[in-house]
Amino acid sequence: TVTVNPNPVADFSANQVCTGQPTIFTNNSTPVAGTTYQWNFGDGNTSTLASPTNTYATTDSFTTTLVAQLGNCVDSVMNTVAVYPTVVAGFSASPTVTYNDNTAPVVFSNSSTNSTSWSWDFGDQSFSDLQSPSHYYKQPGLYSVTLVASNQYGCNDSITKTDYITVY
């Protein structure tokens, strides 16, 4: 009896990620039954799972190789996985205690890293997309401020400072 195995065809896709987030590898190889897999993620990590994940520690482009083997039949494919910079949101404000007399705005200083766009919520139904905006508070109260910082690769981070601004 001669067993003829179909030739495996190695193929995969991966999600776009930011540094430190898991990359999910979707194995699109054929055939699946009986095929073994060897992954080399290009960062020193490997796997033999059919559809593994890998977390890249640095921002770079990594050549990832998948070898699919069924019996003596082998196929491989290489794809580049781009890992983008992680955004870290941060800010400060001055002053954090003010009056609602419109004599001086609260000036927000953005200290986010790897960001190219910003979405501010000043906690009083007012918003801004400026990098480092100024804002006048019109009513007394305690205000929480939220900043969502993003980059052009879809990486984002947010920070909320609860009861950060006091207005008399």
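Source: prediction; values computed, not measured. Sequence order as written defines residue numbering, which begins from 1 separately in each chain. The model is predicted, so local features are restricted to residues of pLDDT at least 70 and side-chain atom pairs to those at 80 or more, both for listing and for counting; the totals for chains, interfaces and linings are taken over all residues. Based on all heavy atoms of the structure, the side-chain values leave hydrogens and waters out of the count.

A. View of the side chain of Asn-54. Helix and strand definitions here come from DSSP, where helices need a minimum of 4 consecutive H or I residues and strands a minimum of 2 consecutive E residues; each element is numbered from the N-terminal end. Relative to the helices and strands, Asn-54 resides in strand β6 (residues 53–55). Polar side-chain contacts of Asn-54 include one of 3.1 Å to the side chain of Asn-45. Any two residues whose heavy atoms approach within 4.5 Å at even a single point are treated as in contact. Filtering out sequence-adjacent residues up to four positions away, Asn-54 remains in contact with Gln-21, Pro-22, Thr-23, Phe-25, Phe-41, Asp-43 and Asn-45. Residues adjacent in sequence count toward polar contacts only when both atoms are side-chain atoms; beyond that, a polar contact is any pair of N or O atoms within 3.5 Å, and within protein one must be able to donate a hydrogen and the other to accept it.

B. Examining the state of the cysteines more closely. Our working definition of a disulfide is a cysteine sulfur pair at a distance within 2.5 Å. By the definition in use, this model includes one disulfide. Note on cysteine connectivity: Cys-18 is disulfide-linked to Cys-155, with sulfurs 1.8 Å apart. One disulfide, between Cys-18 and Cys-155, carries an S-S torsion of -105° and so falls in the left-handed class. In this pair, Cys-18 is assigned in strand β2 (residues 17–18) and Cys-155 in the loop between β15 (141–150) and β16 (156–167), connecting sequence segments 137 residues apart. Here Cys-18 and Cys-155 have matching classes, each one buried. With a 1.4 Å probe rolled over the protein chains alone, any residue whose accessible area is under 20% of its type maximum counts as buried; one over 50% counts as exposed, and the rest are partly exposed.

C. Spatial organisation of the environment of Ala-10. If you trace the backbone, Ala-10 turns up in the segment before β1 (12–14). Separated by 25 residues in the primary sequence, Ala-10 and Thr-35 have C-alpha atoms spaced 10.0 Å apart. If near-sequence neighbours (up to four positions away) are discounted, Ala-10 is found in contact with Ser-29, Leu-66, Ala-68, Asp-75, Ser-76 and Val-77.

D. Region of the structure containing the nonpolar core. Ranked by size, the top nonpolar core spans 19 residues in total, and within it Phe-91, Phe-108, Trp-120, Tyr-137, Val-145 and Ile-165 carry the most contacts. Secondary structure elements with two or more residues in this core: β9 (91–94), β11 (106–110), β12 (117–121), β15 and β16. Residue contributions to this core peak at four residues, all from β15. Contact partners of Ile-165, with chain neighbours within four places excluded, come to Ala-93, Pro-95, Thr-96, Val-106, Phe-108, Tyr-137, Gly-141, Leu-142, Tyr-143 and Val-145. Residues enter a nonpolar core if they are buried and are Ala, Val, Leu, Ile, Met, Phe, Trp, Tyr or Cys, with the set joined through side-chain atoms within 4.5 Å. Judged by nonpolar contacts, the second largest core, of 14 residues, contains Phe-41, Phe-62, Leu-66 and Val-81.

E. Quick look at the sheet that holds strand β5 (residues 46–47). Strands sit in the order β2-β8-β7-β4-β5 across an open sheet of five strands; the sheet is mixed. The two strands at the open ends of the sheet, each matched to only one other strand, are β2 and β5. For two strands to count as paired, DSSP must find a minimum of two bridges between them. Where β2 meets strand β8 (residues 73–84), two bridges bridge the pair, whose relative direction is parallel. Bridging across to β8, Val-17 finds its partner in Val-83.

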